[in-house]
Amino acid sequence: MTLTAGIIAVQGDVSEHETAIRRAANRHGVDPDVREIRTSGVVPDCDVLLMPGGESTTISRLLQTQGIDEEIETHVGAGNPLLATCAGLIVASRDPKDERVRSLDLLDVTIDRNAFGRQRDSFEAPLGITGLDGPFPAVFIRAPLIDAVGSGVSVLAEWDDTPVAVRDGPVVATSFHPELTSDMRVHDLALFDAERSE
Ligand code: GLN
């Protein structure tokens, strides 16, 4: 099996996701072709996509000026997996409630951008995630708060009674950073789960 994985690399933490996707793929006996995406024309070659943390205002603006935004929408519209983390979650959301973020509306949630961050700048917490066997070490950094989820969205994990990992069809999004640990189970769940379309 061959797999082409694209990491949105216009801004944000890219190399950690590269390591995580390689390790998750290796677990399935796959040696992936990993591409860093800074311009249009690459997304159509990708089987799976990752949209990392960083600064959502910058990421979304660059996606639009480079014409990558519509390619991501087409990728997800065709049912192909996307893992969006932290700022990636904000960009993927239906409504980030901040006009500086040009969101892609791929995920039926609304966001309060730096809400967790205002309470506590960063922290790590053991998180129970649906589909994973045992707690996941979740690293939160100026994390966005998911304050409303649509009826088609499954909440995979909560922290403080707030959703912090969700799935909407082929999109899995987390307000924490699964790439910052050596545990690649969230990448596995998002990008290799054969049951994802259920
Ligand atoms: N708070 C940042 C934003 O709004 C996201 C933080 C992160 O990705 N670590 O873009």
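Residues numbered from 1 in each chain as written. Predicted model: local features only at pLDDT ≥ 70, side-chain atom pairs only at ≥ 80, totals over all residues. Heavy atoms only, no water.

A. Molecular detail of the packing of helix H1 (residues 15–27) against helix H6 (residues 185–192). Relative orientation of the contacting elements H1 and H6 amounts to 70°, with a least axis distance of 9 Å. When the axes of H1 and H6 are compared, the pair comes out roughly perpendicular. Between H1 and H6 lies a crossing whose hand is right-handed. Residues His 17, Ala 20, Ile 21, Ala 24, Ala 25 and Arg 27 of H1 lie in contact with H6, whose contacting residues are Arg 185, His 187, Asp 188, Leu 191 and Phe 192. Of the residues contributing to the contact of H1 with H6, the split by class is six nonpolar, two polar and three charged. (Axes fitted to C-alpha atoms, helices over the stretch in contact; angles between N-to-C directions. Helix = DSSP H or I, 4+ residues; strand = E, 2+ residues; numbered from the N terminus. Parallel < 35°, antiparallel > 145°, perpendicular 65-115°, else oblique. Left-handed = near helix turned anticlockwise from the far one by under 90°. Contact = heavy atoms within 4.5 Å. Nonpolar A, V, L, I, M, F, W, Y, C, P; charged D, E, K, R; others polar.)

B. Fine view of a negative patch on the surface. Residues Glu 70, Glu 73, Asp 95 and Asp 105 make up a contiguous surface patch of negative charge. Inspection of the secondary structure puts Glu 73 in helix H3 (residues 69–77). Note on Glu 73: relative accessible area 33%, which makes it partly exposed. (Patch = residues over 30% accessible without salt bridge, like charges linked within 9 Å, V, L, I, M, F, W, Y side chains within 5 Å. Areas by Shrake-Rupley, 256 points an atom, 1.4 Å probe, with all protein chains shown as cover. Salt bridge = Lys/Arg side-chain N within 4 Å of Asp/Glu carboxyl O. Lys, Arg positive; Asp, Glu negative; His and termini not counted. Charge placed at Lys NZ, Arg CZ, Asp CG, Glu CD. Buried < 20%, exposed > 50% of the residue type's maximum accessible area, 1.4 Å probe, protein only.)

C. Structural context of the site of the ligand. The environment of the ligand is made up of Gly 53, Gly 54, Glu 55, Ser 56, Cys 86, Ala 87, Ile 90, Arg 113, Asn 114, Ile 141, Arg 142 and His 177. Separating an oxygen atom of the ligand from a side-chain N or O atom of Arg 113 is a distance of 2.7 Å. Taken by itself the ligand offers 300 Å² of open surface, and the protein chains cover 97% of this. More than half of the atoms belonging to the ligand lie within 2 Å of the grid points that define the largest pocket. (Near = heavy atom within 4 Å. Polar contact = N/O pair within 3.5 Å; in protein donor to acceptor, adjacent residues only side chain to side chain. 1 Å grid on protein atoms, 1.4 Å probe; cavity = no way out; pocket = protein on both sides within 12 Å on 5 of 7 lines; lining within 4 Å. Sits in = over half its atoms within 2 Å of the grid points.)

D. Broad picture of helix H2 (residues 56–66). If you check which residues of H2 are buried, you get Ser 56, Thr 57, Ile 59, Ser 60 and Leu 63. Elements that come into contact with the buried residues of H2 comprise strand E1 (4–8), strand E3 (48–51), H3 and helix H4 (87–92). Backbone geometry just after H2 places Gly 67 at a positive phi near 75°.

E. The arrangement of the layout of surface pockets in detail. Taken as a whole, the largest pocket spans an internal volume of roughly 160 Å³. Gly 54, Cys 86, Ala 87, Ile 141 and Arg 142 are the residues nearest the centre of the largest pocket, which is lined by 15 residues in total. By residue class, the composition of the lining of the largest pocket is five nonpolar, six polar and four charged. (Points joined across faces, edges and corners; volume = space filled by probe spheres on them.)

F. Quick look at the packing of aromatic side chains. Using the criterion set out here, one finds four aromatic pairs in the structure. Judged by centre distance (6.3 Å) and plane angle (35°), the rings of Phe 123 and Trp 159 are tilted. A residue pair is termed long-range when its members are at least 10 positions apart, and Phe 123 in strand E7 (residues 122–127) and Trp 159 in strand E10 (residues 154–159) qualify at 36 residues. Here Phe 123 falls in the buried class, since its relative accessible area comes to 12%. Here the aromatic residues Phe 123, Phe 136, Phe 140, Trp 159 and Phe 176 are joined through ring pairs into a cluster of three or more. (Phe/Tyr/Trp six-rings, centres within 6.5 Å; stacked < 30°, edge-to-face > 60°.)

G. Highlighting the sheet that holds strand E9 (residues 145–149). Taken in spatial order, the three strands make up an open sheet running E5-E6-E9, and their pairing is mixed. Unpaired on one side and paired on the other, strand E5 (93–95) and E9 mark the two borders of the sheet. For this sheet, the mean inter-axis angle between neighbouring strands, taken without regard to orientation, is 55°. Of the strand pairs in this sheet, strand E6 (residues 107–112) and E9 are connected by four bridges, and their pairing is antiparallel. Among the inter-strand pairings, Ile 111 is bridged to a residue of E9, identified as Ile 146. (Pairing = 2+ DSSP bridges.)

This is a description of form; function is not addressed.
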